[in-house]
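Next come the chains, spelled out residue by residue.
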Amino acid sequence: KIFFLHSGRRFSSPTAVLYARVSTAEQEREGFSIPSQVELLRNYAQQQGIDILEEFIDIESAAKAGRIAFGQMMQFVAQHECRAILVEKTDRLYRNIKDWVQIDELGVDIHFVKENVVVGPQSRSADKFLHGIKVLMAKNYVDNLGEEVRKGMLEKARQGHWPSVAPIGYVNSPVTRRIEPDPERAPLVAKLFEWYATGEYSLKALTAKAAAASLTNRTSGKPLVRAKIHQLLQNPIYCGDFQWLDRMYEGQHQPLISRSLFKGVQDAFEAANHPRHTKRH
């Protein structure tokens, strides 16, 4: 029977951690499955006689450092007698240089099972060089994808369509890929403008009135805070225009209020913030 010696301790088989990742929950549903990755890596470990000490799963982008399970894995490997990381392929483990450097400093072997490659401290310089090229190619893919996304969003804005997540009062339509009035919140948002334009309400009073009318944040379900109300009332998207990358565009979406009402609200803001003069300096 073969034994592996490390730091004065003996193991009957080499040890490793398993790491699997998909970028989004949508990828998980569309077949870039975490279970399939895990099954592949477990089978590989069994064939190679490797004991898996822990499994780490991330469902988020690797474009930036800071993935939750990735950080937990790094800490686990540093604190335990673990000599390897099992992962499906290069771009599942990292797509940024910082993660590459951190893993390299651990001094463990990385098994890229689908690529049939093992890279570690004892690997030849040529193998490390090729691996580095793969990491840079993965990073380039992310950079290029981000660039294309930004170009697409800018073109969408130029066509008069809001290119991001719908603001409060609107929803993103999965059919038209456009923003449409939120049946529940759109009338309440319009009321906010009408109330504030009268000049009878301060932002504090309007925030309380919005909460009483059950105007909530779409994601959290919580009432809007004062700063959010302030931001909402200054957003021209509700009268048909919107700002994207420091440029104003005429939107093709359905406005919730008239341009005259929007101007009235801005005038009310200006009047409320007008400096008061006193008799003495």
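For the structure itself, look to the data block above.
Colleague: Let's hear about the side chain of Glu88: which residues, and what values?
Modeller: The topology assignment puts Glu88 in the loop between β5 (84-87) and α4 (90-93). Once residues lying within four places of it in the same chain are set aside, the contact partners of Glu88 are Tyr19, Gln37, Leu40, Leu41, Phe112, Val113, Lys114 and Glu115.

Colleague: Kindly report on the packing of helix α3 (residues 68-79) against helix α5 (residues 97-106), identifying the contributing residues and their values.
Modeller: Where α3 contacts α5, the axes come no closer than 10 Å and their chain directions differ by 15°. Here α3 is positioned roughly parallel relative to α5, judged by the angle of their axes. The handedness of the crossing between α3 and α5 comes out as left-handed. Side by side, α3 and α5 meet where Phe70, Met74, Val77 and Ala78 of the first sit next to Asp99, Gln102, Ile103 and Leu106 of the second.

Colleague: Residue-level account of the sheet that holds strand β6 (residues 109-112), with values.
Modeller: Taken in spatial order, the five strands line up as β4-β3-β5-β6-β7 in an open sheet, and their pairing is mixed. The strands lining the two open edges of the sheet, one partner per strand, are β4 (51-59) and β7 (117-119). Direction aside, neighbouring strands of the sheet carry axes that sit 20° apart on average. One ladder, built from eight bridges, connects strand β3 (residues 15-22) with β4; its direction is parallel. Each bridged residue has a counterpart across the sheet, and for Leu18 the counterpart in β4 is Glu55. Contacts from α3 reach β3, β4 and β5 within the one sheet, and its direction differs from that of β4 by about 155°.

Cut-offs used in this document
- Counting from 1, residues in each chain are numbered in the order their sequence is written.
- Reporting of local features is limited, given that this is a predicted model, to residues whose pLDDT is at least 70; pairs of side-chain atoms are given and counted only at 80 or more, and all residues count toward the totals for whole chains, interfaces and linings.
- Only hydrogens and water are set aside when side-chain values are computed; all heavy atoms of the structure are taken into account.
- Each helix corresponds to a stretch of at least 4 residues labelled H or I by DSSP, and each strand to a stretch of at least 2 residues labelled E; elements are numbered beginning at the N terminus.
- Contacts were defined at the residue level, with two residues in contact if any of their heavy atoms lie within 4.5 Å.
- Fitted lines through C-alpha atoms serve as axes, helices being fitted only where they are in contact, and the angles separating the N-to-C directions of these axes extend from 0 to 180 degrees.
- Our angle categories are set so that under 35 degrees counts as roughly parallel, over 145 as roughly antiparallel, 65 to 115 as roughly perpendicular, and the remainder as oblique.
- It is the rotation of the near helix from the far one that decides the hand of a crossing: anticlockwise by less than a right angle makes it left-handed, clockwise makes it right-handed.
- Strands are treated as partners if at least two bridges between them are detected by DSSP.

By themselves, these observations are geometric and do not establish any function.
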